[in-house]
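Listed below, chain by chain, are the residues.
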Amino acid sequence: METLNPQTSQRESVRFLVFSASLRKDSFNTKLAKLAASIVENHGGLVDYANMSEFECPSFNQDLESDGQQPPGAVNLKNRILSNNALIISSPEYNGGMPGYLKNAIDWVSRVRPQPFNEKNALLLSASPSMAGGNRALWMLRMPFEHLGTRVYPDMFSLAMAHKALTPEGEIMDATLAKRFEDNLINFMNLVEAAVHYPCIKKAWVEFLGEKPDPVTERVE
Ligand SMILES: Cc1cc2nc3c(=O)[nH]c(=O)nc-3n(C[C@H](O)[C@H](O)[C@H](O)COP(=O)(O)O)c2cc1C
């Protein structure tokens with residue numbers, strides 16, 4: 001029997017919001033986000049590329065939240081999340097964590113109902129001149145996302161020594177690392193495609209003490 005190669009077979013349409021969480025002009029994270037976007041497109045995904053500057057928000061203050069009003073940056077981010085199936089974010093690491101303005105934008109958007117991050121798949125990337133590649137920022141970023149119900153992909157990618165690791169054209173110089181990056185993206189794309197187009201019968205499993213077995217749902221399973 002012929003086996004389908006998920007890397008080359010035709011995909012169902014899946015839309016990815018891709019952005020770099022750096023505001024810096026020559027940002028390594030922007031280069032990595034653009035590389036990710038081109039790989040996603042090469043493998044049949046649809047890319048909605050955004051700049052962090054489109055999502056800038058004033059410092060969150062509950063007193064500013066009259067009648068559920070949101071600043072334009074938060075409205076933009078909310079709309080872009082809702083019009084895509086999944087997120088790919090490349091974030092700098094500042095002092096062992098994510099940039100404050102990124103957490104601030106997440107806080108603003110988290111106030112929208114229904115809450116837009118819930119049940120979205122996300123892939124986290126980082127780039128830094130350091131040896132750890134900004135990886136700690138991604139562990140920190142996981143916390144608010146998982147708190148908000150985002151399905152954060154287990155494999156994260158952090159580009160160490162980013163000032164030496166990229167070619168002038170923005171490719172990853174080391175062939176083994178470049179292949180790992182591409183595979184990471186393809187695996188994420190496969191998961192999102194499955195989540196969007198081939199959902200299982202029982203979408204949510206809520207388990208708590210005292211839950212009574214229900215013959216109807218047991219039978220569906
Ligand atoms: C305030 C500040 C704190 C930083 N802290 C870290 C850090 O904890 N870990 C790290 O790897 N790099 C750190 N850096 C260096 C950044 O990784 C580097 O500036 C990187 O180029 C930022 O990402 P970008 O190129 O996408 O803008 C820090 C930079 C700044 C400005």
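Residues numbered from 1 in each chain as written. Predicted model: local features only at pLDDT ≥ 70, side-chain atom pairs only at ≥ 80, totals over all residues. Heavy atoms only, no water.

(A) The arrangement of the site of the ligand in detail. Surrounding the ligand, one finds 14 residues, the nearest of these being Ser 22, Ser 27, Asn 29, Glu 93 and Ser 128. Within the side chain of Glu 93, a nitrogen or oxygen atom sits 2.6 Å from a nitrogen atom of the ligand. Contact between the ligand and Asn 95: a nitrogen atom at 2.8 Å from a main-chain N or O atom of the residue. In the complex, the protein chains occlude 70% of the 620 Å² of accessible area that the ligand would expose alone. Within the shell around the ligand, the residues separate by chemical class into four nonpolar, seven polar and three charged. (Near = heavy atom within 4 Å. Polar contact = N/O pair within 3.5 Å; in protein donor to acceptor, adjacent residues only side chain to side chain. Areas by Shrake-Rupley, 256 points an atom, 1.4 Å probe, with all protein chains shown as cover. Nonpolar A, V, L, I, M, F, W, Y, C, P; charged D, E, K, R; others polar.)

(B) Structural view of helix H6 (residues 175–197). With 23 residues, H6 should reach 33 Å at 1.5 Å per residue; the first-to-last C-alpha distance of 32 Å fits that figure. When we look at burial in H6, the residues that qualify are Phe 181, Asn 184, Leu 185, Ile 186, Phe 188, Met 189, Val 192 and Glu 193. Where H6 is buried, its residues touch strand E1 (15–20), helix H1 (28–42), strand E3 (86–91), strand E4 (121–127) and strand E6 (157–159). Where H6 begins, one side-chain oxygen reaches toward the backbone nitrogen of Thr 176, 3.2 Å away; that side chain belongs to Asp 174. (Helix = DSSP H or I, 4+ residues; strand = E, 2+ residues; numbered from the N terminus. Expected span 1.5 Å × (residues − 1). Buried < 20%, exposed > 50% of the residue type's maximum accessible area, 1.4 Å probe, protein only. Contact = heavy atoms within 4.5 Å.)

(C) Structural view of helix H2 (residues 72–82). Every buried residue of H2 is listed here: Gly 73, Ala 74, Leu 77, Arg 80 and Ile 81. Down the axis of H2, the smallest arc covering the buried residues is 130 degrees, so these residues share one side. Opposite its buried face, H2 presents the exposed residues Pro 72 and Leu 82, each directed more than 90 degrees away. Elements in contact with the buried residues of H2: E1, strand E2 (46–51), E3 and helix H3 (100–109). (Arc of directions from axis to C-beta.)

(D) Structural view of the pairing of E3. With six of six residues buried, E3 lies mostly within the body of the structure. Of the two faces of E3, the one lined by Ala 86, Ile 88 and Ser 90 and the one lined by Leu 87, Ile 89 and Ser 91 are each fully buried. Here five bridges tie E1 to E3, and the two strands are oriented parallel to one another. Bridged to Val 18 within E3 is Ile 88. In this sheet, E4 lies alongside E3 in parallel orientation, the contact comprising six bridges. If you follow Ala 86 over to E4, its bridge partner there is Asn 121. (Pairing = 2+ DSSP bridges.)

(E) Seen up close, the pattern of salt bridges. What the rule picks out here adds up to 10 salt bridges. Arg 80 is the partner of Asp 48 in a salt bridge, and the nearest nitrogen-oxygen pair spans 2.8 Å. Here Asp 48, found in strand E2, pairs with Arg 80, found in helix H2; they are 32 residues apart in sequence, far enough to count as distant. A salt bridge links Lys 103 to Asp 107; the shortest N-O distance between them is 3.0 Å. A residue pair is termed a helical-turn pair when its members lie 3 or 4 positions apart in one helix, as Lys 103 and Asp 107 do in helix H3 at four residues. (Salt bridge = Lys/Arg side-chain N within 4 Å of Asp/Glu carboxyl O.)

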